[in-house]
Amino acid sequence: DGRVAEIPIARGENVAAGAPLVRIDNPELLAKLKEAQASKVVAEAELARINAGTRQEVVASRKAEIDRAEANLTLARQTYDRTRQLTSNRVASQAKLDEATDALQLAQRGYDQAKLSYEEAVAGFTREEHEMAEAKVKKAEASVATVEALVNQLVVTAPSASQVYQLNIEAG
């Protein structure tokens, strides 16, 4: 597909093998090539990010989340213990004890989640994530190669040394 952009030969001219006979203009195909090349750059950057591992700032942030969750858990535990004691002495209501129990369970879940998040950051990316990133790079490379092959067909070359006898096309 495309338009004839240039015919660099003339009727009766001798041409060498591999000499360009016709150049075809196909801006859509060239745009697809740039898009495929950009996708390849993105895939390579993603692979580099995964190979680099988790940034130290992320690990430090997750560690701080554990510390904050641990402080919340300690406060919830103390509040629960006080409320339980007050409830057993009939100074606080059962509803207050239920609220303290719920707050303690919520704080425990928050701490567990923060701990898992930290462990995930320390462990880095999984083998499967590495393999997926590598596969995306290979897919992008294949896409670039496919479109480049089509772009290379935009220049029609002489299969062998010969003389041009007839031109049945015009530019445009």
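See above for the structure.
These notes cover the structure that comes with them.

### Points about the overall build of the chain
For step 1, the next point in the chain: Regarding its fold elements, the chain presents four helices and five strands.
For step 2, the next point in the chain: Sequence-ordered secondary structure for the chain, helices as α and strands as β, is β-β-β-α-α-α-α-β-β.
For step 3, the next point in the chain: Computed over C-alpha atoms, the radius of gyration of the chain comes to 34 Å, more than 25% over the 16 Å expected from 2.2 N^0.38 for 172 residues, which places it beyond the range of a compact globule.
For step 4, the next point in the chain: In terms of overall dimensions, the chain has C-alpha extents of about 115 × 30 × 20 Å along its principal axes.
For step 5, the next point in the chain: In the chain, which comprises 172 residues, the share counted as buried stands at 22%.

### Here's the deal with helix H4 (residues 127-152)
For step 1, the next point in the chain: Taking 1.5 Å of rise per residue, 26 residues should cover 38 Å, and H4 covers 37 Å from first to last C-alpha, within 8% of that figure.
For step 2, the next point in the chain: Summarising the contacts, the buried residues of H4 are in contact with helix H1 (27-52) and strand E4 (155-157).

### Overview of the packing of aromatic side chains
For step 1, the next point in the chain: Counting across every chain of the model gives zero aromatic pairs.
For step 2, the next point in the chain: When the ring centre of tyrosine 118 is taken as origin, the NZ or CZ atom of lysine 63, which lies over that ring, is 6.0 Å away.

### What about the side chain of asparagine 26?
For step 1, the next point in the chain: Tracing the sequence through the fold places asparagine 26 in the loop between strand E3 (20-25) and H1.
For step 2, the next point in the chain: With a relative accessible area of 8%, asparagine 26 lands in the buried category.
For step 3, the next point in the chain: Sequence-distant contacts of asparagine 26, that is, excluding residues within four places in its chain, are made with Asp1, Gly2 and Leu154.

### Quick word on unusual backbone geometry
For step 1, the next point in the chain: A positive phi angle is found at arginine 90, which is not glycine, with a value near 60°.
For step 2, the next point in the chain: Structurally, arginine 90 can be placed in the loop between helix H2 (56-88) and helix H3 (94-123).

### Focus on the environment of lysine 96
For step 1, the next point in the chain: For lysine 96, the location among the structural elements is in helix H3.
For step 2, the next point in the chain: For lysine 96 and arginine 84, which are 12 residues apart along the polypeptide, the C-alpha to C-alpha distance reads 8.8 Å.

### Here's the deal with the pattern of salt bridges
Charged atoms that come close allow side chains of opposite charge to pair.
For step 1, the next point in the chain: One pass over the full model with this rule turns up nine salt bridges.
For step 2, the next point in the chain: We note a salt bridge from arginine 127 to glutamate 128, for which the minimum N-O separation is 3.5 Å.
For step 3, the next point in the chain: Here arginine 127 falls in the exposed class, since its relative accessible area comes to 56%.
For step 4, the next point in the chain: Given the relative accessible area of 42%, glutamate 128 is considered partly exposed.
For step 5, the next point in the chain: Its salt-bridge partner being arginine 127, residue glutamate 131 comes within 3.0 Å of it at the nearest N-O pair. Of this pair, glutamate 131 and arginine 127 both sit in helix H4, separated by four residues, roughly a single helical turn.
For step 6, the next point in the chain: Among the residues examined, glutamate 131 registers a relative accessible area of 39% and is labelled partly exposed.
For step 7, the next point in the chain: Members of the salt-bridge network, linked through shared partners, are Arg127, Glu128 and Glu131.

### Observations regarding the packing of H1 against H4
For step 1, the next point in the chain: Across the interface, H1 lies against H4 with an axial gap of 8 Å and an inter-helix angle of 160°. The orientation of H1 with respect to H4, classified from their angle, is roughly antiparallel. The interaxial crossing formed by H1 with H4 has left-handed handedness.
For step 2, the next point in the chain: Of the residues that constitute the contact of H1 with H4, the class distribution is 14 nonpolar, five polar and eight charged.

### Notes on the environment of leucine 150
For step 1, the next point in the chain: Relative to the helices and strands, leucine 150 resides in helix H4.
For step 2, the next point in the chain: Assessed through its relative accessible area of 38%, leucine 150 is described here as partly exposed.
For step 3, the next point in the chain: Sequence-wise, leucine 150 and alanine 133 are 17 residues apart; in three dimensions their C-alpha atoms are separated by 26 Å.

Rules and cut-offs
- Residues numbered from 1 in each chain as written.
- Predicted model: local features only at pLDDT ≥ 70, side-chain atom pairs only at ≥ 80, totals over all residues.
- Heavy atoms only, no water.
- Helix = DSSP H or I, 4+ residues; strand = E, 2+ residues; numbered from the N terminus.
- Rg over C-alpha atoms; globule rule 2.2 N^0.38 Å.
- Buried < 20%, exposed > 50% of the residue type's maximum accessible area, 1.4 Å probe, protein only.
- Expected span 1.5 Å × (residues − 1).
- Contact = heavy atoms within 4.5 Å.
- Phe/Tyr/Trp six-rings, centres within 6.5 Å; stacked < 30°, edge-to-face > 60°.
- Lys NZ or Arg CZ within 6 Å of the ring centre and 35° of its normal.
- Salt bridge = Lys/Arg side-chain N within 4 Å of Asp/Glu carboxyl O.
- Axes fitted to C-alpha atoms, helices over the stretch in contact; angles between N-to-C directions.
- Parallel < 35°, antiparallel > 145°, perpendicular 65-115°, else oblique.
- Left-handed = near helix turned anticlockwise from the far one by under 90°.
- Nonpolar A, V, L, I, M, F, W, Y, C, P; charged D, E, K, R; others polar.

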